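# Chain and residue survey
Spelled out from the first residue to the last, the chains are:
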Amino acid sequence: MEHKNYTVVTEFVLLGLSQNQEVQMILFFFFLLFYMIILPGNILIILTIWGDSKLGSPMYFFLANLAFLDICYCSVTPPRMLADFFSHRKTISYSACMAQLFFLHFLGATEAFLLMVMEYDCYVAICKLLHYTRLVNRGVCCVLVGATWGGGFIHGIILFALSIHRPLCGPNILDNCFCDVHQLVKLTCANTYITELLMFLNNGVVIVMCFTLLLISYTVLLLKLWTQSSKAKNKVASTYVSHIIVVFVMCGPAMYIYGLPFQAVPMEKVVAVFHMVIFPLTNPMIYTLRNKEIKGSMWKMISKYIFCIVFSMPVLCRRFYGFVGDHDRVRIAGLKLENGAQKRREDW
């Protein structure tokens, strides 16, 4: 029996997308631009939904959770990728690599399951409208969201258990911008057939099933709504076509990477980075900015804060420099009179 020399790996070297410094700077500004859109955009979505009582329906509850997941998902690898563009030798410790792998698949699977929950909400709203408040109330929504997080955690922990403490031999070089299961399997000395099969069942089969169920469900809903008036039909068709685009953007790259077991796929790291950077943009760009209620509440909130900042600046400046103008004296005198009158009414 052949024995191979196992290596104790404490860190991995990431090759990244390119070794050319000029290309790396272009990619840095490109990824930074997307990150600066994704992070504030999704934070604004959450603040808008939480701050407006009119946006209390289950659909907006799920959108706020999706925005939070996008923030978490795009914070797993892009910040480190941006920092690595300025590093001559891109390294990542073994423990950081395992943590990156776990959270990447944990959050990615949770988003996929949440999209299925959102599709269920659409189905009940259209096909079971009279029972909507019973089937999709606040308690049911919390249970469904908790189930998506639980399913994502199980998915991530399975991959984590299959990847950690694998016997490694050869160079500790990963041909990618981040840690993923395919690159780690290539460095394994032992027989990887069972491991790759389990990874395929946990990754490839799950994502194909999610994609198929989502596509069938949206197709059924489109056919169900085909009997509506032309105006309603065009509006609904436009909405659901955009949702189908989200499904393709999420599931397409994942199926390309994980749907073919026991073989390497060309341009794997390019597709993986595209999926990681582009997919979190779909929530603010498609789910939210096409929604008139959220856009109206968002602009109202932004206008309110801009108004408060603009009109509070003169008072703040006067307080900072110790100046009190005539207008401020009148306001202070009026407040004192009002407080005095209020106190007399209370005494009476």
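Above this text you will find the structure in question.
Let me begin by describing the structure that accompanies this report. Treat the numbers as computed from the prediction; the structure is a model and nothing was measured. (Residues numbered from 1 in each chain as written. Predicted model: local features only at pLDDT ≥ 70, side-chain atom pairs only at ≥ 80, totals over all residues. Heavy atoms only, no water.)

## Re the environment of I45
By the element assignment, I45 lies in helix 1 (residues 21-51). Separated by 19 residues in the primary sequence, I45 and A64 have C-alpha atoms spaced 6.7 Å apart. In contact with I45, other than residues within four places in its own chain, are A67, N283, P284, T288 and M298. (Helix = DSSP H or I, 4+ residues; strand = E, 2+ residues; numbered from the N terminus. Contact = heavy atoms within 4.5 Å.)

## What about the state of the cysteines?
Evaluated as defined, the whole model comprises one disulfide. Here C72 stays free of any disulfide, with the sulfur of C74 as its closest cysteine sulfur at 8.3 Å. (Disulfide = S-S within 2.5 Å.)

## Points about the sheet that holds strand 3 (residues 173-174)
One open sheet accounts for three strands, arranged 2-1-3; its pairing is mixed. Edge positions in the sheet fall to strand 2 (91-93) and strand 3, since each of these pairs with one other strand and no more. Here three bridges tie strand 1 (residues 11-14) to strand 2, and the two strands are oriented antiparallel to one another. Across the sheet, the residue bridging to E11 is S93, located in strand 2. Across the face of the sheet, helix 4 (residues 94-127) comes into contact with strand 1, strand 2 and strand 3 while running at roughly 85° to strand 2. (Pairing = 2+ DSSP bridges. Axes fitted to C-alpha atoms, helices over the stretch in contact; angles between N-to-C directions.)

## Brief notes about the side chain of N65
Mapped onto the fold, N65 is located in helix 2 (residues 58-73). Reaching out from N65, the side chain makes a polar contact with the backbone oxygen of F61 at a distance of 2.7 Å. Ignoring anything within four residues of it in the chain, the contact list for N65 reads L114 and V145. (Polar contact = N/O pair within 3.5 Å; in protein donor to acceptor, adjacent residues only side chain to side chain.)

## Some details on the packing of aromatic side chains
This model, assessed by the stated rule, comprises 17 aromatic pairs. Where F28 meets F86, the ring centres are 4.7 Å apart and the plane angle is 80°; that geometry is what we call edge-to-face. A residue pair is termed long-range when its members are at least 10 positions apart, and F28 in helix 1 and F86 in the loop between helix 3 (78-84) and strand 2 qualify at 58 residues. A relative accessible area of 12% means that F28 is categorised as buried. A residue is classified by how much of its surface remains accessible, and F86, at 54% relative accessible area, is exposed. (Phe/Tyr/Trp six-rings, centres within 6.5 Å; stacked < 30°, edge-to-face > 60°. Buried < 20%, exposed > 50% of the residue type's maximum accessible area, 1.4 Å probe, protein only.)

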